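# Structural characterization, general
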2 protein chains.
Amino acid sequence: MPTDEIKQVIIVRKDLEMGKGKLAAQVAHASLMSYFEAERNDKKITASWLGSGEKKIVLKVNDEEALVKFYNAFQFKKVPCALVTDAGLTELPPGTKTALGIGPWLGSEIDKLTISLPLL
Amino acid sequence: MPTDEIKQVIIVRKDLEMGKGKLAAQVAHASLMSYFEAERNDKKITASWLGSGEKKIVLKVNDEEALVKFYNAFQFKKVPCALVTDAGLTELPPGTKTALGIGPWLGSEIDKLTISLPLL
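Residues numbered from 1 in each chain as written. Chains lettered and ligands numbered in written order. Predicted model: local features only at pLDDT ≥ 70, side-chain atom pairs only at ≥ 80, totals over all residues. Heavy atoms only, no water.

## Structural notes on the nonpolar core
For soluble globular proteins, the rule of thumb is that nonpolar side chains tend to be buried together. Heads up, the condition is: Think of a nonpolar core as a cluster: buried Ala, Val, Leu, Ile, Met, Phe, Trp, Tyr and Cys residues, connected wherever their side-chain atoms sit within 4.5 Å. Only protein chains enter the area calculation, which uses a 1.4 Å probe; residues under 20% of their type maximum are buried, those over 50% are exposed, and those in between are partly exposed. Helix and strand definitions here come from DSSP, where helices need a minimum of 4 consecutive H or I residues and strands a minimum of 2 consecutive E residues; each element is numbered from the N-terminal end. Contacts were defined at the residue level, with two residues in contact if any of their heavy atoms lie within 4.5 Å.
If you look at the biggest cluster of nonpolar residues, it comprises 45 residues, and the most contacted ones within it are A:Ile11, A:Ile102, B:Ile11, B:Leu100 and B:Ile102. Among the elements that make up this core, the one with the highest residue count is helix 3 (residues 64–76) of chain B (five residues). Once you skip the residues sitting within four places of it in the chain, B:Ile102 turns out to touch B:Lys7, B:Gln8, B:Val9, B:Ile11, B:Ser34, B:Phe74, B:Val79, B:Pro80, B:Cys81 and B:Ile110. Residues A:Leu16, A:Ala24, A:Val58 and B:Val12 belong to the second largest nonpolar core, which totals 28 residues.

Right, dumping it as structure tokens:
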């Protein structure tokens, strides 16, 4: 394994105007689902991440189209990721895509695609 | 297992004035750590939660003292939980306790202690 920093990145939509608690729950959901994908893929990477402080970064995109674009791009690159679709029981219509979890994975591989995105 | 709703509750401090991204990352951290505690404790409960939409609720307390009080209370009740201490690399001093993850666990057991807390 390269000596590359391992991190998890979560991308959220800024156009949904979710409340802080709702937003945080979506980020947590994306984080956990993506963690499971990564663990299925490479247990060494997830173990290393858990043992080194679990770096997590939250970024934002403008809308659902951009979120799905990143999802497809990371899937194409075979980077473990998970797209969260809200059940729509509270603030949002059912099926709304809210957040994308990526990794934990090699930071350099994630950064190639997300480097231009602002922090939430 | 009783036919009780299984959920995860995350409690955060409202006095820290973290940015939205920082806050969401702390909630995700609490969620994942507490998930591992719960899984070690009772895999049936975590599997049931994962298979039923992973209900997560984010609540708030006034300060660190209140956060630690809830942590101690849930430990005393033997409810799986995890207290997040921030490494202090960005917005907060090292060692700051930011969030408490509880469960996934039987909702009725969690509610007994948290029923009076407001949503974030």
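Now that the structure has been shown, we can carry on.
## Thoughts on the sheet that holds strand 3 (residues 81–85) of chain B
Residues and elements named next belong to chain B. Inclusion rule: We treat two strands as partners when DSSP finds at least two bridges between them. Each axis is a line fitted through C-alpha atoms, and for a helix only the stretch in contact is used; angles between axes span 0 to 180 degrees, taken between their N-to-C directions.
The sheet built from four strands is open, its strands ordered 2-1-4-3 with mixed pairing. At either margin of the open sheet sits one strand with a lone partner, and together these are strand 2 (56–61) and strand 3. On average, each strand axis in the sheet is tilted by 20° relative to the strand beside it, whichever way the strands run. Bridge analysis of strand 3 against strand 4 (residues 97–106) gives five bridges, and the strand direction is antiparallel. Opposite Leu83, over in strand 4, you have Leu100 as the bridge partner. Contacting strand 1 (6–13), strand 2 and strand 4, helix 4 (residues 107–114) runs over the sheet at an angle of about 140° to strand 4.

## Overview of the relation of the copies chain B and chain A
Each of the two chain copies goes to the other by way of a rotation about an axis and a shift along it. To keep things clear, this is the line we draw: Least squares is the method for superposing the copies, and the C-alpha atoms it fits come from residues with pLDDT of at least 70 in both.
Least-squares fitting of chain B to chain A yields an RMSD of 0.0 Å, with the superposition described by an axial translation of 0.0 Å and a rotation of 180°. Such a combination of rotation and displacement between the chain copies is what one expects of a two-fold axis. In this assembly the copies share their binding face: 100% of the residues contributing to the interface of chain B also contribute to that of chain A.

## With respect to the sheet that holds strand 4 (residues 97–106) of chain A
Residue and element names in this part refer to chain A. Taken in spatial order, the four strands of this open sheet run 2-1-4-3, and their pairing is mixed. The sheet terminates laterally at strand 2 (56–61) and strand 3 (81–85), the two strands that pair on one side only. Averaged over all neighbouring strand pairs, the angle between strand axes comes to 20°, with direction disregarded. Here helix 1 (residues 20–41) sits on the sheet in contact with strand 1 (6–13), strand 2, strand 3 and strand 4, set at roughly 40° to strand 4.

## A word on the side chain of A:Gln26
Residue and element names in this part refer to chain A. Relative to the elements of secondary structure, Gln26 occurs in helix 1. Gln26 sits in the buried class, given a relative accessible area of 6%. Residue contacts for Gln26: discarding those within four places in its chain leaves Met18, Val84, Asp86, Thr98 and Ala99.

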